[in-house]
Amino acid sequence: MKRNRNLLLLAALCAGIAGAATAAPETSMPADAGIAERNLPIDSVVVTGTRYASDIRHLPMSVAVVGRETIEQRQEASLLPLLTEQVPGLFITSRGVMGYGVSTGAAGGMSLRGIGGGSAAQLLVLVDGRPQYMGLFGHPIADVYQSMLAERVEVVRGPASVLYGSNAMGGVINIVTRQQREEGVRTDLNVSYGSWNTLQTEAANRIRKGRFTSVVTASYNRTDGHRADLGFEQYGGYAKVGYAFSAHWKAFADVSLTHFNASNPGPVTKRLYDNDSHITRGMTSFALENEYDRTSGALKCYYNWGRHRINDGYEAGEEPLDYRFHSRDRMLGISLYQSAALWQGARVTAGIDWQHFGGEAWNRAVADGTQSPIADQTEDEVAGYAEFRQTAGRFTFDAGLRVDHHTRTSTEWVPQVGISWRAARDGVLKASASKGFRNPVLRDLYMFGVKNPDLKPERLWNYELAWSQRLADGRLSYGVNLFRIEGRDIIQTGIRDGRNILLNQARIENWGIEANAAWRIAAAWSLDANYSWLRMKYPVLASPEHKLYAGANFSRKRWMVAAGVQYVEGLYTAVAPNAEIQENFVLLNLRASFRVNRRLTIYARGENLLAQRYEINAGYPMPRATAFGGIKLNF
């Protein structure tokens, strides 16, 4: 199709902006040695792919980084719309101006390179390296991942099961929580209001006094929604304290609590009434970290929990339900790991993970409160892993292995290998092969009519070739990735003995291209773009064939203006066996702010300014043009 060829050409141009530039002679630089001394850009040092601070160029996998400055420019309560724009290959569903919801009609389905989609738990969300998902259903809860938490977000594109185990078969989104780096006290207030009576508020206090640090953040967000009965209300709070015992040892403790109420009117063709959810999610953790010249590591203990109360609603002509769905879930985990430099250019990382997760679900009668049990189950998972990295000249070799034991599905061996070659100054060619897996979650094994306690883990292999380069003292950067994914034993509803049941019967055959480019034209001007093309033999929800984003940013003195265009083509909103429906759309967003003085900033943002009619969830039309305005106070 001519339009597809034009899109591919545009992506190639974005990636090749710097391709004609002449690279300066290569200088020798050992991988991961003296990172601070090299004065690398902040988005060049990541922790998610290695469990220790590492130069992104020497990792075998592809990692995208979204920093705090970009998060603040977006001026949204949720992190997820920003990640959809900024990370090639990643797409997250939505259904309105605010709020993703749970259960029937929920959005927040995450797909990376065609892995995931819907409510599948094939993409793992972490907070400071700790897994975050619903203990019974096993999927992330999209409305928990608020901007107020994040200092930066690191996204591993491709399997990360060697380090993070089950659910990381498609990749990892790691939210690195906020910090106070400078000495003193800082308080921020942020309030905005806009279309459909949408209110967003946030207050944050950060302290650093000698060895002590703290961050306390609270938020309240609400909207009436652009459709009747699509309202959403959210209360959230987060607190983190840290103490440095010495230059080498630090301890942190944090707690986060979110409660939200969400309504779902159903698809426009099949109206639902009284489909309401009341969800409470919490997490708390303790971490003891050490960092020396040649070794670093941590002990992390965490506990996640949740309570869900859901009215599944009824259609016109039906009687209201006489019961409500209730659930309690939990996940307790311990992670212990240490990384050490062995000899010149060599580093090994080893760790042990343990998780205990589960919960109970029941229906409660409205009339008399009697309970009908659905499930009451827990499972345990324990794993050990090791990763070895050796740099020899311009080459870095990487190999890792995880042995993961689950109480239901037994033992899984997870290998990973990769190599990177510094072929030019600040230019790196990478190749990798990695396995990802996902254990069936408790819902699949024990809940509802399609349950199957004999399910096996889902498995896939990802093969990748990538090139990235920085030019002009880092002002110009670009990257191109080629990948192929082959998966088997994917869980899907089938028929056995005349009834619907979950079976390990589906396969994955995906391949594609990802590209990104960024150009700091001058002190005030910058451009960035990313593009992904995905070919799926077996289509899945929330996975577009083409996704292109291009943005321009202007910042001078007191003004900041940012514009972005996102083009999506071939987005699957429904797949076989029912139907295959694809959606195409173009979104234009604009944001601007003016710093009145050192304490006060006013801002405005507009989304879908072309007033496009489109759907991401089938039957849920998205809002047309929206506008929001707000103020920020700093003191």
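None of these values were measured; they are calculated from a predicted model.

## What about the pattern of salt bridges?
Should their charged atoms come close, side chains of opposite charge can pair.
Logical step 1: The tally for this structure, following the rule as stated, stands at 39 salt bridges.
Logical step 2: A salt bridge links R74 to E85; the shortest N-O distance between them is 3.3 Å. One end of the pair, R74, is in helix α2 (residues 68-74); the other, E85, is in helix α3 (residues 80-86), and 11 residues separate them in sequence.
Logical step 3: Ionic pairing is found between R488 and D489, a salt bridge with its closest N-O pair at 3.0 Å.

## Considerations on the pairing of strand β16 (residues 272-291)
Logical step 1: Here strand β15 (residues 249-264) runs beside β16; their pairing, made up of 16 bridges, is antiparallel. Bridging across to β16, V255 finds its partner in T284.
Logical step 2: Where β16 meets strand β17 (residues 295-315), 19 bridges bridge the pair, whose relative direction is antiparallel. By the bridge assignment for β17, Y273 is matched with Y314.
Logical step 3: Between β16 and β17, which pair antiparallel and follow one another directly, the connecting turn spans three residues.

## Some remarks on the environment of D444
Logical step 1: Relative to the helices and strands, D444 is located in helix α5 (residues 442-446).
Logical step 2: A sequence separation of 306 residues divides D444 from G138, and the C-alpha atoms of the two residues are 9.3 Å apart.
Logical step 3: D444 has contacts with R438, K451, N452, L455, I491 and L502, leaving out every residue within four places of it along the chain.

## A word on the side chain of S263
Logical step 1: Counting through the fold element by element, S263 comes out in strand β15.
Logical step 2: The residues touching S263, leaving out its near neighbours within four places in the chain, are R95, D229, L230, G231, N275 and D276.

## What to know about the sheet that holds strand β4 (residues 90-92)
Logical step 1: The strand order across the open sheet built from three strands is β4-β5-β6, with neighbouring strands paired in antiparallel fashion. Only two strands of the sheet have a single partner each, and these edge strands are β4 and β6 (115-116).
Logical step 2: Pairing of strand β5 (residues 110-112) with β6 involves two bridges; the strand directions are antiparallel. Note that in β6 the partner of L112 across the bridge is I115.

## A look at the nonpolar core
Logical step 1: Ranked by internal contacts, the top residues of the largest apolar core, which has 52 residues, are L90, M110, V153, I173 and I175.
Logical step 2: In terms of nonpolar packing, the next biggest core, distinct from the first, is built from 20 residues, V46, L59, V63 and M331 among them.

## Brief notes about the sheet that holds strand β10 (residues 171-177)
Logical step 1: Read from one edge to the other, the open sheet built from five strands follows the order β3-β9-β10-β7-β8, with strand pairing classed as mixed. Of all strands in the sheet, those bounded by a partner on one side alone are β3 (62-67) and β8 (130-132). Across the sheet, the mean angle from the axis of one strand to that of its neighbour is 25 degrees, orientation sign disregarded.
Logical step 2: When strand β7 (residues 124-127) meets β10, the two strands line up parallel, connected through four bridges. Note that in β10 the partner of V127 across the bridge is I175.

## What to know about the pairing of strand β12 (residues 198-209)
Strand residues, when the strand is regular, have side chains that alternate between the two faces of the sheet.
Logical step 1: Bridge count between strand β11 (residues 184-194) and β12: 11 bridges; the pairing is antiparallel. For S192, the partnering residue across the bridge sits in β12 and is Q200.
Logical step 2: In this antiparallel pair of consecutive strands, β11 and β12, the connection spans three residues, and W196 shows a positive phi of 60 degrees.
Logical step 3: One ladder, built from 11 bridges, connects β12 with strand β13 (residues 212-223); its direction is antiparallel. Note that in β13 the partner of A203 across the bridge is A218.
Logical step 4: As consecutive antiparallel partners, β12 and β13 are separated by two residues, and within that stretch G210 has a phi angle of approximately 65 degrees, a positive value.

## Digging into the UniProt feature "domain: TonB-dependent receptor-like beta-barrel" (unreviewed entry) in the protein
Logical step 1: Under the feature "domain: TonB-dependent receptor-like beta-barrel" (unreviewed entry), the UniProt entry names residues 225-609.
Logical step 2: The straight-line gap between the two end C-alpha atoms of residues 225-609 is 18 Å; of that span, 1% is helix and 75% is strand.

## Comments concerning the packing of aromatic side chains
The geometry of an aromatic ring pair is captured by two quantities: the separation of the ring centres and the angle between the planes.
Logical step 1: For the structure shown, the criterion picks out 14 aromatic pairs.
Logical step 2: Where F395 meets W421, the ring centres are 5.9 Å apart and the plane angle is 5 degrees; that geometry is what we call stacked. Taken together, the residues span a long stretch of sequence, with F395 in strand β21 (residues 395-406) and W421 in strand β22 (residues 410-424) at a distance of 26 residues.
Logical step 3: Accessibility expressed as a relative area gives 34% for F395, which makes it partly exposed.
Logical step 4: Judged by relative accessible area, W421 falls into the partly exposed class, the value being 34%.
Logical step 5: Look at W525 and F554: their rings are 4.9 Å apart centre to centre, the planes differ by 55 degrees, and that puts the pair in the tilted class. Here F554 lies in strand β28 (residues 546-556) and W525 lies in strand β27 (residues 525-536), a separation of 29 residues in the sequence.
Logical step 6: A residue is classified by how much of its surface remains accessible, and W525, at 43% relative accessible area, is partly exposed.
Logical step 7: Feature note: the residues F137, F325 and F448 constitute an aromatic cluster, connected by ring pairs.
Logical step 8: Note that R113 overlies the ring of F483, its terminal NZ or CZ placed 4.4 Å from the centroid.
Logical step 9: The side chain of R271 reaches across the aromatic face of Y273, ending 4.7 Å from its centre.

Thresholds applied
- Residues numbered from 1 in each chain as written.
- Predicted model: local features only at pLDDT ≥ 70, side-chain atom pairs only at ≥ 80, totals over all residues.
- Heavy atoms only, no water.
- Salt bridge = Lys/Arg side-chain N within 4 Å of Asp/Glu carboxyl O.
- Helix = DSSP H or I, 4+ residues; strand = E, 2+ residues; numbered from the N terminus.
- Pairing = 2+ DSSP bridges.
- Contact = heavy atoms within 4.5 Å.
- Core = buried A, V, L, I, M, F, W, Y, C linked by side-chain atoms within 4.5 Å.
- Buried < 20%, exposed > 50% of the residue type's maximum accessible area, 1.4 Å probe, protein only.
- Axes fitted to C-alpha atoms, helices over the stretch in contact; angles between N-to-C directions.
- UniProt positions renumbered as here; feature names shortened; annotations may be inferred.
- Phe/Tyr/Trp six-rings, centres within 6.5 Å; stacked < 30°, edge-to-face > 60°.
- Lys NZ or Arg CZ within 6 Å of the ring centre and 35° of its normal.

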